[in-house]
Protein chains: 2
Amino acid sequence: MQYLGIDLGGTNIAAGLVDEHGEVLFDLSCPTGSARGPQAVVDDMAALCAELLQLAGATYRDVAAIGVGTPGVCDARRGTLVFANNLHFTDVPIAAMLQQALPLPVFLENDATAAGIAEHELGALRGVDNGLFVTLGTGIGGCLFIDGKVYAGTHGYAAEIGHMVTHAGGDVCTCGLAGCWERYAAAPALIRAGRAAAKAAPRSLLHHIVNGNLQNLTAKDVVDCARAGDETALSVFHAYVHELALGVIGLIHLYDPAVVCLGGGVAQAGEFLLQPLKEAVAAGVMYKALPHARLCLTALAGDAGIVGAAMLGKAAGK
Amino acid sequence: MQYLGIDLGGTNIAAGLVDEHGEVLFDLSCPTGSARGPQAVVDDMAALCAELLQLAGATYRDVAAIGVGTPGVCDARRGTLVFANNLHFTDVPIAAMLQQALPLPVFLENDATAAGIAEHELGALRGVDNGLFVTLGTGIGGCLFIDGKVYAGTHGYAAEIGHMVTHAGGDVCTCGLAGCWERYAAAPALIRAGRAAAKAAPRSLLHHIVNGNLQNLTAKDVVDCARAGDETALSVFHAYVHELALGVIGLIHLYDPAVVCLGGGVAQAGEFLLQPLKEAVAAGVMYKALPHARLCLTALAGDAGIVGAAMLGKAAGK
């Protein structure tokens with residue numbers, strides 16, 4: 001049996017057809033464009049699913065369920081997206097809307113939770129009792145495991161780790177607070193800093209790589225240029241690692257997990273990100289004489305969102 | 001049967017003789033003076049216990065055990081204080097040292113954990129599954145309950161909530177990090193701000209209450225003057241509530257507990273602190289349409305440290 005998994009992100013909708021071992025057979029994506037409103041976004045989700053089935057030469061009968069990972073707080077029981085600050089959506093009955101287009105059971109969960117579940121089932125958190133999955137994307141999401149189970153909190157929104165204030169009085173966040181960690185350590189922060197630095201250094205590789213069209217600069221460009229030794233990019237990257245470490249250190253002091261696993265777009269920087277982050281975290285934790293959480297990278301590459309969402313359908317079908 | 005409870009704080013050592021219902025029969029305290037080194041501090045702890053027994057007309061035979069709550073990380077099994085940044089103690093075998101002076105079983109635990117256990121057994125967190133106890137004293141400590149049990153973390157230092165960075169690049173903390181929450185929201189922050197404000201406002205009640213001897217100004221003075229309507233004190237107090245709220249909001253986003261219970265010296269400000277804190281937290285949480293943790297005050301007044309420590313002995317004796 002196969003599963004459709006949809007990762008509804010702040011920037012893109014990614015969808016995939018996934019087998020029962022978590023292997024992505026086909027995947028597609030399109031921009032989210034949440035400003036168009038919920039119906040247009042759900043229509044695109046349905047269209048991606050239909051395209052995937054066509055690609056696979058499959059029909060709805062080959063698929064057991066659709067899982068959807070979304071930003072924000074979900075009421076998984078009702079299949080409703082209660083609130084998502086990155087999408088500006090409130091109380092959207094995504095499962096019901098999607099089912100009008102696709103005759104399949106639909107399961108909904110917070111995207112970071114879905115990705116964390118996939119990581120815990122199939123990836124770097126397998127067998128870990130107390131672990132934290134951190135997604136570094138448009139925002140920062142988290143999924144906390146305690147005693148091997150997701151800790152969802154009392155009202156369903158535990159581990160909203162992007163919204164601890166690290167810079168009191170700082171940049172205003174989409175959530176309304178000033179100085180949230182995700183304003184400083186999610187992908188857009190790396191991009192913004194990269195653009196500003198490239199603008200100030202027109203001879204840098206960082207400027208050259210986009211031919212001076214700084215609006216085209218991506219987080220991957222900053223990482224690639226830093227990896228290539230460009231001083232401008234390196235300086236931006238090191239400052240970013242510092243911001244990332246600040247938050248991870250706080251999370252270690254708060255959760256004291258055995259493992260912190262990094263996923264999401266920025267984690268694709270791989271060991272180039274992980275090594276300096278490990279050093280900065282080790283230098284900053286308060287109990288330097290004691291062990292602290294092992295930091296690692298997702299073992300599911302860029303597909304944790306899709307696989308996690310698909311695994312929701314599988315888990316629910318058990 | 002009775003229990004001796006010792007609350008080893010950054011500022012004072014408080015000790016009490018406690019009955020099995022958690023009632024403090026007699027209590028005494030003395031300054032910690034941790035700069036004198038561990039042996040002098042343990043000697044004072046033993047002397048307080050001896051005085052308490054004398055006051056009660058009791059002997060060691062009337063006491064089942066001694067419980068000690070200390071700042072920092074404890075190895076409860078070995079009875080060792082592994083590391084305490086506020087005391088500058090490392091690897092001190094407190095239980096063994098204390099037993100040389102007092103022929104009783106000694107149980108050691110982090111002070112915030114001990115206070116949280118008392119609150120959960122006898123106070124405002126009774127019957128709460130997911131709850132957070134927050135001590136506002138010389139530093140800020142925490143004790144997290146998940147599914148009705150203390151969550152100690154993987155290495156024994158979960159809920160070190162004073163050491164999440166809220167002011168990146170800010171004041172250097174005793175733990176070595178810059179900008180830890182406890183630098184801005186523990187009692188010394190209130191005192192420092194009170195002194196600075198009083199110095200700048202020699203006609204304020206805040207200045208008058210200590211006859212201009214600003215080094216004598218306490219956190220309670222700031223609260224008392226604010227309560228009396230002194231504008232200078234009110235401004236300091238409101239800024240303090242703002243800092244406290246910043247951290248509590250972060251903790252709600254991270255732990256999503258059902259209840260956050262405030263204890264420690266600053267919590268003695270009572271409803272005068274709780275009401276504006278509730279308003280600031282409600283205004284700041286990201287999911288305003290959803291319920292969030294109920295905030296409340298310790299039901300054990302200033303004795304949670306002593307009772308918590310004493311209850312360690314009782315719990316261990318079961």
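Residues numbered from 1 in each chain as written. Chains lettered and ligands numbered in written order. Predicted model: local features only at pLDDT ≥ 70, side-chain atom pairs only at ≥ 80, totals over all residues. Heavy atoms only, no water.

**Considering the packing of helix H1 (residues 38–56) of chain B against helix H2 (residues 94–101) of chain B**
Two quantities define a packed helix pair, namely the angle between the helix axes and the distance between the axes.
Residue and element names in this part refer to chain B.
So, step 1. Close contact between H1 and H2 brings their axes to 9 Å; oriented N to C, the two are set at 50°. Between H1 and H2, the interaxial angle falls into the category oblique. The two elements H1 and H2 cross, and the hand of that crossing is right-handed. Seen from H1, the contacting residues are Pro38, Gln39, Val42, Met45 and Ala46; seen from H2, they are Ile94, Met97, Leu98 and Ala101.
So, step 2. Looking at the contact of H1 with H2 residue by residue, the classes come out as eight nonpolar, one polar and no charged. (Axes fitted to C-alpha atoms, helices over the stretch in contact; angles between N-to-C directions. Helix = DSSP H or I, 4+ residues; strand = E, 2+ residues; numbered from the N terminus. Parallel < 35°, antiparallel > 145°, perpendicular 65-115°, else oblique. Left-handed = near helix turned anticlockwise from the far one by under 90°. Contact = heavy atoms within 4.5 Å. Nonpolar A, V, L, I, M, F, W, Y, C, P; charged D, E, K, R; others polar.)

**So, the environment of Tyr184 of chain A**
All names here are of chain A.
So, step 1. Relative to the assigned elements, Tyr184 resides in helix H4 (residues 182–185).
So, step 2. Look at Tyr184 and you get buried, because its relative accessible area is 17%.
So, step 3. On a C-alpha basis, the gap between Tyr184 and Ala201 in space is 22 Å, while along the polypeptide they are 17 residues apart.
So, step 4. Sequence-distant contacts of Tyr184, that is, excluding residues within four places in its chain, are made with Thr166, His167, Gly170, Asp171, Gly179, Ala189, Tyr240 and Glu243. (Buried < 20%, exposed > 50% of the residue type's maximum accessible area, 1.4 Å probe, protein only.)

**Re the sheet that holds strand E6 (residues 80–84) of chain A**
Residues and elements named next belong to chain A.
So, step 1. In spatial order, the strands read E5-E6-E7; together these three strands make up an open sheet with antiparallel pairing. Looking at which strands have only one partner, the edges of the open sheet turn out to be strand E5 (73–75) and strand E7 (89–92). Pairs of neighbouring strands in the sheet enclose a mean axial angle of 20°, with direction left out of account.
So, step 2. Here E6 runs beside E7; their pairing, made up of three bridges, is antiparallel. In the strand pairing of E7, Phe83 is matched with Thr90. (Pairing = 2+ DSSP bridges.)

**Quick notes on helix H5 (residues 187–200) of chain B**
So, step 1. Taking 1.5 Å of rise per residue, the 14 residues of H5 of chain B would be expected to cover 20 Å, and the 20 Å separating its terminal C-alpha atoms lies within 8% of that figure.
So, step 2. Listing the buried residues of H5 of chain B in full gives Ala187, Ala189, Leu190, Ile191, Gly194, Ala197 and Ala198 of chain B. (Expected span 1.5 Å × (residues − 1).)

**A closer look at the packing of H5 of chain B against helix H8 (residues 231–255) of chain B**
Residues and elements named next belong to chain B.
So, step 1. Packing of H5 against H8 brings their axes to within 9 Å, and their N-to-C directions diverge by 150°. One finds that H5 runs roughly antiparallel with respect to H8. Between H5 and H8 lies a crossing whose hand is right-handed. Mapping the contact onto sequence places Leu190, Ala193, Gly194, Ala197 and Ala198 in H5 and Thr232, Val236 and Tyr240 in H8.
So, step 2. Class assignment for the residues of the contact of H5 with H8 results in six nonpolar, two polar and no charged.

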